[in-house]
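Geometric and topological summary
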Amino acid sequence: DAKTTQPPSMDCAEGRAANLPCNHSTISGNEYVYWYRQIHSQGPQYIIHGLKNNETNEMASLIITEDRKSSTLILPHATLRDTAVYYCIADDLYNQGGKLIFGQGTELSVKP
Amino acid sequence: KAGVTQTPRYLIKTRGQQVTLSCSPISGHRSVSWYQQTPGQGLQFLFEYFSETQRNKGNFPGRFSGRQFSNSRSEMNVSTLELGDSALYLCASSSTGRTRSTGELFFGEGSRLTVL
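As a starting point, this report considers the structure included with it. In every chain, residue numbers begin from 1 and rise along the written sequence. All chains are assigned letters beginning with A, and all ligands numbers beginning with 1, in the order in which they are written. For a predicted model such as this one, the threshold for reporting local features is a pLDDT of at least 70, and the threshold for listing and counting side-chain atom pairs is 80 or more; totals across whole chains, interfaces and linings nevertheless cover every residue. Hydrogens and water molecules were not included; the side-chain quantities draw on all heavy atoms of the structure.

1. Observations concerning the environment of Ala87 of chain B
All names here are of chain B. Numbering goes from the N terminus for both helices and strands, where a helix is a DSSP run of H or I of at least four residues and a strand is a run of E of at least two. Structurally, the position occupied by Ala87 is in strand S9 (residues 87-94). Along the sequence, Ala87 and Ser74 sit 13 residues apart, while their C-alpha atoms lie 18 Å from each other. Once residues within four sequence positions are removed from consideration, Ala87 is found in contact with Gln36, Gln37, Thr38, Ser111, Arg112 and Leu113. We call two residues in contact whenever any of their non-hydrogen atoms come within 4.5 Å of each other.

Written as structure tokens, this is what we have:
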């Protein structure tokens, strides 16, 4: 499984876009990029995933560079409720078994 | 649709005891995974069950075990508890166990175990 690298913490002003970077320089062609977040004292929550193309859903957008060595999760209008630890995970397409390797993640603080 | 339910939410045990934690997945989900979360080690994969069979296992000692029943409910057991087993134990379910088909694991709120 590819190792991902994320900054340990970031701040964002409420209402502004939060851009969370992730480096995965050793990612293989079979590995998707997943993002989860964990709000304090809750279980992790799936946000979005992608392989090559940029993806968007009701929660966020995922921008993956053309060489797939890095990606950015974008929360377009951050609210106080988006304060959480955000995990970027590279997972093998053919990995069966509910196993995700979580790193230390980025602790995002959204401030009024 | 009810989410993943874990019981108990909180429990306190003493060293040497054993503990059993329960997880009820989302209705229709056949895969259940277990994770341990500690401040020092973060989120670590314990094992995964699919259709009553353990399909994947993390690097934990044999004191950690689990099982899955025919209704997909799962239990994990930790025997001979150690202080270092104090953690939040999280259960996650997915519809097929092929997480890349949906990209999504649904996590419960966790069971917080304190070992004294």
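2. Overview of the side chain of Arg37 of chain A
Residues and elements named next belong to chain A. You can see Arg37 is positioned in strand S3 (residues 31-38). In this structure the side chain of Arg37 is engaged in a polar contact, spanning 2.8 Å, whose partner is the side chain of Asp82. For this analysis, a polar contact is any N or O atom pair within 3.5 Å, provided that within protein one partner can donate a hydrogen and the other can accept it, and provided that sequence-adjacent residues contribute only side-chain to side-chain pairs. One polar contact links Arg37 to Tyr86, side chain to side chain, over a distance of 3.0 Å. Apart from residues no more than four positions distant in its own chain, Arg37 is found in contact with Gly43, Pro44, Gln45, Ile47, Met59, Arg81, Asp82, Ala84, Val85 and Tyr86.

3. What to know about the state of the cysteines
In what follows, a disulfide is any cysteine sulfur pair within 2.5 Å. Within the structure shown, the criterion is met by two disulfides over all chains. As a non-bridged cysteine, Cys12 of chain A has Cys22 of chain A as the owner of its nearest cysteine sulfur, 18 Å distant.

4. Observations regarding the sheet that holds strand S8 (residues 84-92) of chain A
Residue and element names in this part refer to chain A. The sheet built from five strands is open, its strands ordered S1-S9-S8-S3-S4 with mixed pairing. The two strands at the open ends of the sheet, each matched to only one other strand, are strand S1 (9-13) and strand S4 (45-50). Recorded for the sheet is a direction-independent mean angle of 25° between the axes of neighbouring strands. Strand pairing is assigned whenever DSSP identifies at least 2 bridges connecting the two strands. Geometry is summarised by axes, namely lines fitted to C-alpha atoms with helices restricted to the contacting stretch, and by angles between N-to-C directions that run from 0 to 180 degrees.

5. Regarding the sheet that holds strand S2 (residues 18-23) of chain A
Taken in spatial order, the four strands of this open sheet run S2-S7-S6-S5 (chain A), and their pairing is antiparallel. Of all the strands in the sheet, just S2 and strand S5 (55-56) of chain A have a single pairing partner and so form its edges.

6. Overview of the pairing of strand S3 (residues 19-24) of chain B
All names here are of chain B. When strand S1 (residues 5-7) meets S3, the two strands line up antiparallel, connected through three bridges. Bridge pairing in S3 links Gln6 to Cys23. Where S3 and strand S8 (residues 74-78) come together, five bridges link them in antiparallel fashion. Bridged to Ser22 within S8 is Glu75.

7. Some thoughts on the packing of aromatic side chains
Working definition: rings of Phe, Tyr and Trp (its six-membered ring) pair if their centres are within 6.5 Å, and the pair is stacked with planes under 30 degrees apart, edge-to-face with planes over 60 apart, and tilted otherwise. Tallied over the entire structure, the rule returns 11 aromatic pairs over all chains. A centroid spacing of 5.8 Å and a plane angle of 75° characterise the contact between Tyr36 of chain A and Tyr46 of chain A, whose relative ring orientation is edge-to-face. Taken together, the positions of Tyr36 of chain A in strand S3 and Tyr46 of chain A in strand S4 put the pair 10 residues apart, joining distant regions of the chain. Per-residue accessibility, obtained with a 1.4 Å probe over protein chains only, is compared with the maximum for each type, and a residue is labelled buried under 20%, exposed over 50%, and partly exposed between these values. Tyr36 of chain A sits in the buried class, given a relative accessible area of 0%. Note on Phe47 of chain B and Tyr49 of chain B: the rings are 5.7 Å apart at their centroids and 70° apart in plane angle, and the pair reads as edge-to-face.

8. Brief notes about the pattern of salt bridges
Pairing between side chains of opposite charge can happen when the charged atoms of each approach one another. Residue and element names in this part refer to chain B. Take a side-chain nitrogen of Lys or Arg and a carboxyl oxygen of Asp or Glu: if they are within 4 Å of each other, that pair is a salt bridge. Taken as a whole and assessed by the stated rule, the structure comprises six salt bridges over all chains. Note that Arg63 is salt-bridged to Glu82, the shortest N-O span being 3.6 Å. A residue pair is termed long-range when its members are at least 10 positions apart, and Arg63 in the loop between strand S6 (53-57) and strand S7 (64-68) and Glu82 in the loop between S8 and S9 qualify at 19 residues. Taking relative accessible area as the criterion, Glu82 reaches 42% and is therefore assigned partly exposed. One salt bridge in this structure joins Glu75 and Arg67, with 3.2 Å as the shortest N-O distance. A residue is classified by how much of its surface remains accessible, and Glu75, at 16% relative accessible area, is buried. For Arg67, a relative accessible area of 47% puts it in the partly exposed group. Three or more residues joined by partner-sharing salt bridges are found here, namely Arg63, Glu82 and Asp85.

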